[in-house]
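Spelled out from the first residue to the last, the chains are:
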Amino acid sequence: MIKFTLRRLLLGLIVLFGVVLITFILTRVVPSDPAAKWAGLRATPEQIELARIQLGLDKPIYVQFIRYMTDLLNGNLGHSFRTRQPILSDLQSRLPATLELVIISSLFAILVGIPLGVVSASNKGKLPDHFSRLFSVGVVSLPTFWIGLILQLVFYRILGILPIGGRVSLETTLFMDIPTITGFITLDALFAGNFTVFFDAVWHLILPGFTIGMYPIGLVARMTRSALLEILNEDYITAARSYGLPERTVLWSYALKNSVGPTSTVVALSIGYTLVNTFLVEAIFAWPGIGSYIATAVTGLDYPAIMGVTIVSTVAYVILNLVADIVVALDPRVRV
Amino acid sequence: MSGYFEINDLRVGFRTYEGEKQVLNIEHISIDRGETFGLVGESGAGKTVLALAILNLLPAASAIIYNGEICLEGENLLTKTQEEMREIYRGKRISMIFQDPMSTLNPVFTVGQQLGKVLQHHRGLKGKELVSKSIDALEMVKLPDASSILNKYPHELSGGQRQRVIIAIALSCDAEFLIADEPTRNLDVTIQAGILKLIDELQRNLNISVLFIANNMGLVNVTCKNIGILYNGKLVETGPSHQLINHHTHPYTEALISAIPRSKEEKLKFASAIIRPEVAGGCPYYSRCAQAIEVCTQKNPILQPISGTHQVACFLAYRGEQ
Amino acid sequence: MKQLDAFLFTLKPRIRETRQSLYFYNRNRLQKISLIVVGIMVLIAIFAPIISPFPEHFRLGNNPSDKLLPPSGQYLFGTDELGRDIFSRVLYGTRISLSTAVIAVAAALIVGVPLGAIAGTVGGLTDEIIMRITDVFLSFPPLLLAIAIAAFLGPSLKNAILAIVIAWWPWYTRLIRGQAVSVRERQFVRSARSIGTPMSKIIFSHVLPNTMAPVIVQASMDLGGVILTIASLSFLGLGAQAPMPDWGLMISTSRTYFLNAWWYSTFPGIAIFISVLVFNIIGDGIREVLDPKTRKF
């Protein structure tokens, strides 16, 4: 088991190196001149040259690559063209907001998706199955950004019950003291015992969380269903039924435990989707997270920022997959 | 006249891509309390279908039960709901052992967990009592070192050990009727004998009835009181075991018996090496029968008594010819 | 060409099998409806200039007085901020969506499948190298790689398609390679190798026919996925550029107005939804048909 983990880690490192290589190649592919961009619109040729030296673009390509890697290992992701701040600190300040969304939507995915898949598989061919399947396939066909807009239209404009965006309402920002311990407004408010802020924050989480969570719900439900269908055909399920065990136990205990493998892979995959969907959705809901950061970076062609977020997200994604692989390997049958 | 366990006029079929297909057509089987009945047939003859039908575990979407009854002490099991089967019969009164010990055990749970779940459900046992009863069950099937086996996963045990575990689970709740569906099919020959002996001992000690399903005669000739021969879903001969073996009449029975390894001279004397296309409306065994006559292509024989409880479905037998 | 002959020969029993499964497939109403919808979409794409009430609006808009009008008899889906008929633009958008989807998936298949088949069949160092490269590409969260590539190459529809192909091909490679590895251990491949059959023939006539099924399933679902990705890229400004009538781009531009002009966001979104939905349904249906056959039951 330990050998397996070490081997996976080593593989992960090799892969990360490849990722860094690719991102580096990307940064050098841009059609426009990064030095010019850095120097600004009204820069003189001398200023652009200065910028070029500053950015180290005058050195040969392999030197640049080495510098790029050492920078990364030191946590230096460069500076954003737009904010002129170190990208790492930009990201750090925005991380909790995005994490809140990722956690909420993943919870949605698991708490709604898995039971949906189980109900669907155990009622195969009957009405609940057809409904769930249509629902799942429908939900993964919805463009996330579009559903966000529609939800805003319905719940904010027409019904007026949910806020259009932001993490807390305007009044709260102006009049209340938002505690900042973890950066998670919900948790911080709870710790401080400030329930008005807490409820306000939760209220604001509903629409964006649901928007992002829809796709993973469909994904998880479908995967759970197909994994479970395979399992329910196995002999040991028939045997368990022949011993007279109640269907409830057979489904939720016996069958489900066998699906941990494929399920955790799907959960990892859906968290990955969530990560990317936040890019599309945060802008719509004026959510000050990494997503809106990269959305603005993309529109403004702020290359270092795009690069920084790409690397950080990819590293997170690789770690996530590593964890999922380890969970799968915990299956007693898997010989590692 | 109804005995302890009876099957009457059972016809079962399946819905497939090519339409409906009948797979079982059993006129009559009866088993007494404490009796071992051997059902012999080749792969695909429908033996497992029968076993699952008794416990009402056939896939509801594709299985069709045309008619018939399966009665345990007068109660027709085919009319019971899944609820009733679960509460009253499965595990408690009727239990089943499957062919493949590896796939019958859930790979992600330990032996103890699986045994425990069944004991817990049927007898409400918990904690220390549960453990001690589990060990009792394992010892009943002659597994040494029972307490360490409880913590092992199925893939850590040998084939013979797994099959014993399955027998332990099946009998843990005092079932009075055991269906053994080719329990030694996937085991090595030397291990087979041990399992057969075990089942025989348990049958005598616990006084249970056993429906022993097998694919060759060698497994049933010693332990079974009565034997039924199944070919293509149909009973072609049934009767007391010594009668069947010494005075067999159906060509297929002969083929089965001659396939038991014996002395050189007798070996394969009646083995059938003929394969002809089937004839619709005729005897289903026609395509392999070395002794077929004219009428075999025209009518489908039904079970007729020859002497005592010995019955056979063969035109040759009716005329007393061999 | 001997390899092609061999390949087609192995397909014959498969075709018979497929005909049996098609009979089963056709009984499913949902599949039939989805196929019809796809057919309609193709027709719309081809005949867009003829069906649209305002064909010139797919590019120009010179009716500022008609801007942001709600749906009416004249403008079925309303108008946008430049006075263009949204209905016509949605119809023209079908062209972009369908063509990009087909091109992107086809290109990804052409790159990914041979690589995977070779990696899986040949094994050894070739396999390791190809799979490591594939792994690197697969480590990026889906869509993010496409966003990054599209951003760096410069925003345009062409670059968006290129970005998608670069981000997508590893999935097919990995899929086929996994299948190829299990097929290569099977008896008929082993015996072919033992009598000295050249690698290329092995790959073409033995490995490929037995491994294509999951890839076909994946590709049909990916058609929907690509439409969604292009829409997302265009939404971010990385794909289609104004004044192209791309559905994602329309939704993006609508953000400024939609609270008061609900029709602007709604209809392009419904178009995306329906097209992705039918491809997903068809993909699901194909999987139900192909998969049980390839699985050992």
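None of the values given here were measured: they were computed from a predicted structure. Throughout, a residue's number is its position along its own chain's written sequence, starting from 1. The naming scheme follows written order: chains are lettered A onward, ligands numbered 1 onward. Selection of residues for local features in this predicted model requires a pLDDT of at least 70, selection of side-chain atom pairs for listing and counting requires 80 or more, and totals for whole chains, interfaces and linings are taken over all residues. For the side-chain quantities, the full set of heavy atoms in the structure was used; hydrogens and water were omitted.

Trainee: Could you clarify how one ought to interpret the overall build of chain A in this entry?
Mentor: Numbering goes from the N terminus for both helices and strands, where a helix is a DSSP run of H or I of at least four residues and a strand is a run of E of at least two. Scanning chain A from terminus to terminus reveals 15 helices and zero strands. Along the first, second and third principal axes, the C-alpha set of chain A runs to 85 × 55 × 40 Å. Sequence-distant contacts, at least 24 apart, represent 71% of the contacts inside chain A between residues at least 6 apart. Placing the 24 positive and 20 negative side-chain charges of chain A at their respective mean positions leaves the two points 7 Å apart. The contact definition used throughout considers only heavy atoms, calling two residues in contact when any of these lie within 4.5 Å. Only four residue types enter the tally: Lys and Arg on the positive side, Asp and Glu on the negative side; His and the chain ends are excluded. Charged side chains are reduced to one point each, which is NZ for Lys, CZ for Arg, CG for Asp and CD for Glu.

Trainee: When you look at the overall build of chain C in this model, what are you seeing that I'm missing?
Mentor: Counting secondary structure elements, chain C contains ten helices and zero strands. N-terminal to C-terminal, the α/β element order of chain C is α-α-α-α-α-α-α-α-α-α. Burial analysis of chain C (297 residues in total) assigns 52% to the buried set. Here the contacts in chain C between residues at least 6 apart in sequence split such that 73% fall between residues at least 24 apart. Areas reported here follow the Shrake-Rupley algorithm with a probe of radius 1.4 Å; residue values treat only the protein chains shown as occluding. As displayed, chain C offers around 13600 Å² of accessible surface, 66% of which is attributable to carbon and sulfur atoms. Only protein chains enter the calculation, and the probe is 1.4 Å; a residue is then buried if its accessible area is under 20% of its type maximum, exposed if over 50%, and partly exposed in between.

Trainee: What exactly am I supposed to notice about helix 7 (residues 144-158) of chain A here?
Mentor: Think of an α-helix as 3.6 residues a turn; residues three or four steps apart then line up on the same face. Residue and element names in this part refer to chain A. Multiply 1.5 Å by the residue count of a helix minus one, and that product is the helix's expected span. Here helix 7 is 15 residues long and its end C-alpha atoms lie 20 Å apart, about the 21 Å a rise of 1.5 Å per residue gives. Those residues of helix 7 lying buried are Thr-144, Phe-145, Trp-146, Ile-147, Gly-148, Leu-149, Ile-150, Leu-151, Gln-152 and Leu-153. Phi turns positive one or two residues past the end of helix 7, at Gly-160, with a value near 65°.

Trainee: Whenever I open this one, the interface of chain C and chain A confuses me. Can you help?
Mentor: Taken together, the contacts link 48 residues of chain C with 52 residues of chain A. In the sections that follow, a salt bridge refers to a side-chain nitrogen of Lys or Arg positioned within 4 Å of a carboxyl oxygen of Asp or Glu. Along the contact surface separating chain C from chain A lie one salt bridge. Among the salt bridges present, the one from Arg222(A) reaches Asp284(C), with a minimum N-O distance of 3.4 Å. Whenever two N or O atoms come within 3.5 Å, that pair is a polar contact, provided that in protein one can donate a hydrogen and the other can accept it, and provided that, for residues adjacent in sequence, both atoms are side-chain atoms. Viewed at the interface, chain A and chain C are joined by five residue pairs in polar contact (both at pLDDT 80 or more). Those elements giving two or more residues to the side of chain C that touches chain A turn out to be helix 4 (124-139), helix 5 (144-153), helix 8 (199-235), helix 9 (247-254) and helix 10 (262-294) of chain C. With 14 residues, the top contributor of residues to the side of chain C that touches chain A is helix 10 of chain C.

Trainee: Sorry, what's going on with the environment of Ile65(B) here?
Mentor: All names here are of chain B. With respect to the secondary-structure elements, Ile-65 resides in strand 4 (residues 63-72). Accessibility expressed as a relative area gives 36% for Ile-65, which makes it partly exposed. In this structure, the C-alpha to C-alpha distance between Ile-65 and Gln-22, residues 43 residues apart in sequence, is 9.4 Å. With near-sequence residues (within four places) excluded, Ile-65 lies in contact with Leu-10, Arg-11 and Leu-78.

Trainee: How do you make sense of the nonpolar core when you look at a structure like this?
Mentor: The tendency in soluble globular proteins is for nonpolar side chains to be buried side by side. Side-chain atoms within 4.5 Å are what join buried Ala, Val, Leu, Ile, Met, Phe, Trp, Tyr and Cys residues into a set we call a nonpolar core. Residues Tyr68(A), Phe145(A), Ile147(C), Tyr172(C), Val226(C) and Leu238(C) are the most contacted members of the largest nonpolar core, which totals 120 residues. With residues near it in sequence (within four places) discarded, Tyr68(A) still touches Val20(A), Thr23(A), Phe24(A), Thr27(A), Met307(A) and Ile311(A). Ile31(B), Ala170(B), Ile229(B) and Cys283(B) belong to the second largest nonpolar core, which has 116 residues in total.

Trainee: Looking at this structure, I do not really get a nonpolar patch on the surface. What am I missing?
Mentor: Exposure above 30% relative accessible area and the lack of any salt bridge qualify a residue for a patch; like charges then connect within 9 Å, and the nonpolar side chains Val, Leu, Ile, Met, Phe, Trp and Tyr within 5 Å. Where nonpolar side chains cluster on the molecular surface, the patch consists of Leu95(A), Leu99(A), Ile103(A), Leu107(A), Ile110(A), Leu111(A) and Val112(A) and spans about 560 Å² of accessible area. Judged by its relative accessible area of 34%, Val112(A) is partly exposed.

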